[in-house]
Amino acid sequence: SPTLPNGLAVGSGRLRVLFLHGGGSDGTLAETILRLTGWLDGLAQTLDFAVCDGPHVNAADVDTFGAFAARGLYDVHRAYRGWRFPTISDNADWVAATGAPQSEPIMTLAWMESLETVKKAWATQGPFDAIGGVCEGAAVAILSAIQGVLQPAPRLLLSFGGYSSNSPVLG
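Our subject in this report is the structure included herewith. Note that the coordinates shown come from a computational prediction; the quantities given were computed from them, not determined experimentally.

Glancing now at the overall build of the protein. Secondary structure summary: the protein contains six helices and six strands in total. Sequence-ordered secondary structure for the protein, helices as α and strands as β, is β-α-α-β-β-α-β-α-α-β-α-β. For the protein, buried positions account for 39% of its 171 residues. A separation of at least 24 residues holds for 73% of the contacts in the protein among residues at least 6 apart in sequence. For the protein, the exposed area adds up to about 8,600 Å²; of that, 57% sits on carbon and sulfur atoms.

Encoded structure:
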């Protein structure tokens, strides 16, 4: 029988999920967290996760990942990856750590770069049944799915701590 790029047989019953990490993280850390929380191994018969690194540089986030840093799983001295999407924040620390643009046209350009990264991963690492993410990654997954830019369209959306955009750019 035909196989997918990851070696799974077509029709294996497992759903392929493109998973987007949160801010101040990356694909490697997302895989570690999915494994430690039981999602990778515990659902291995049902879900096959592929991760995608965000295109934007984020500072390390010791407030969020301090427990991981204490266990040697997070380097607070290096840069990580992130996503940008249209959102306006009055949290100056978050804006500084993420570099998230707060004005136009920079906000839309950064969103387009994030969206293109997701679309490329969807096309080149797929096929996928689902898209999902955590925090910032979940927000990007949601917007990617509802804007209809992923083909074929995802049949499932997994959102862990996703939040909506408050930007007037999205109407």
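Attention now moves to helix α6 (residues 136-146). With respect to burial, α6 is a largely interior element, eight of its eleven residues being buried. Buried within α6 are the following residues: E136, G137, A138, A139, V140, A141, L143 and S144. Backbone geometry just downstream of α6 places G148 in the positive-phi region, at approximately 70°.

The sheet built from four strands is open, its strands ordered β2-β1-β5-β6 with parallel pairing. The strands lining the two open edges of the sheet, one partner per strand, are β2 (47-52) and β6 (156-160). On average, each strand axis in the sheet is tilted by 25° relative to the strand beside it, whichever way the strands run. Relative to β2, strand β1 (residues 15-20) is paired through six bridges, and the arrangement is parallel. Paired with R16 across the strands is D48, a residue of β2. Relative to the sheet, helix α1 (residues 27-36) contacts β1 and β2, its axis offset from that of β2 by approximately 155°. In this fold helix α5 (residues 106-124) packs onto β1, β2 and β5 (130-134), with an angle of close to 155° to the strand it touches most, β1.

Let's shift gears to the nonpolar core. Counting 18 residues, the largest nonpolar core has L18, L20, V118, I131 and V140 as its most contacted members. At the level of elements, β1, β2, α5 and α6 are the ones that each hand at least two residues to this core. If you tally residues by element for this core, the top one is α5, at five residues. Ignoring sequence-local partners within four residues, the contact set of L20 consists of C52, W83, V118, I131, G132, G133, V134, G137, A138, V140 and A141. In this structure, F19, A30, L34 and A130 belong to the second largest nonpolar core, which totals ten residues.

As a further point, take unusual backbone geometry. Cis geometry is found at the peptide bond from G126 to P127, where omega equals 15°. Tracing the backbone shows P127 in the loop between α5 and β5. In this structure, the amide linkage connecting Q151 to the following residue, P152, adopts the cis form with an omega of -5°. Unusually for a residue other than glycine, C135 sits at a positive phi of about 50°.

Scoring rules and cut-offs
- Residues numbered from 1 in each chain as written.
- Predicted model: local features only at pLDDT ≥ 70, side-chain atom pairs only at ≥ 80, totals over all residues.
- Heavy atoms only, no water.
- Helix = DSSP H or I, 4+ residues; strand = E, 2+ residues; numbered from the N terminus.
- Buried < 20%, exposed > 50% of the residue type's maximum accessible area, 1.4 Å probe, protein only.
- Contact = heavy atoms within 4.5 Å.
- Areas by Shrake-Rupley, 256 points an atom, 1.4 Å probe, with all protein chains shown as cover.
- Pairing = 2+ DSSP bridges.
- Axes fitted to C-alpha atoms, helices over the stretch in contact; angles between N-to-C directions.
- Core = buried A, V, L, I, M, F, W, Y, C linked by side-chain atoms within 4.5 Å.

None of the figures reported here should be taken as evidence of function without further support.
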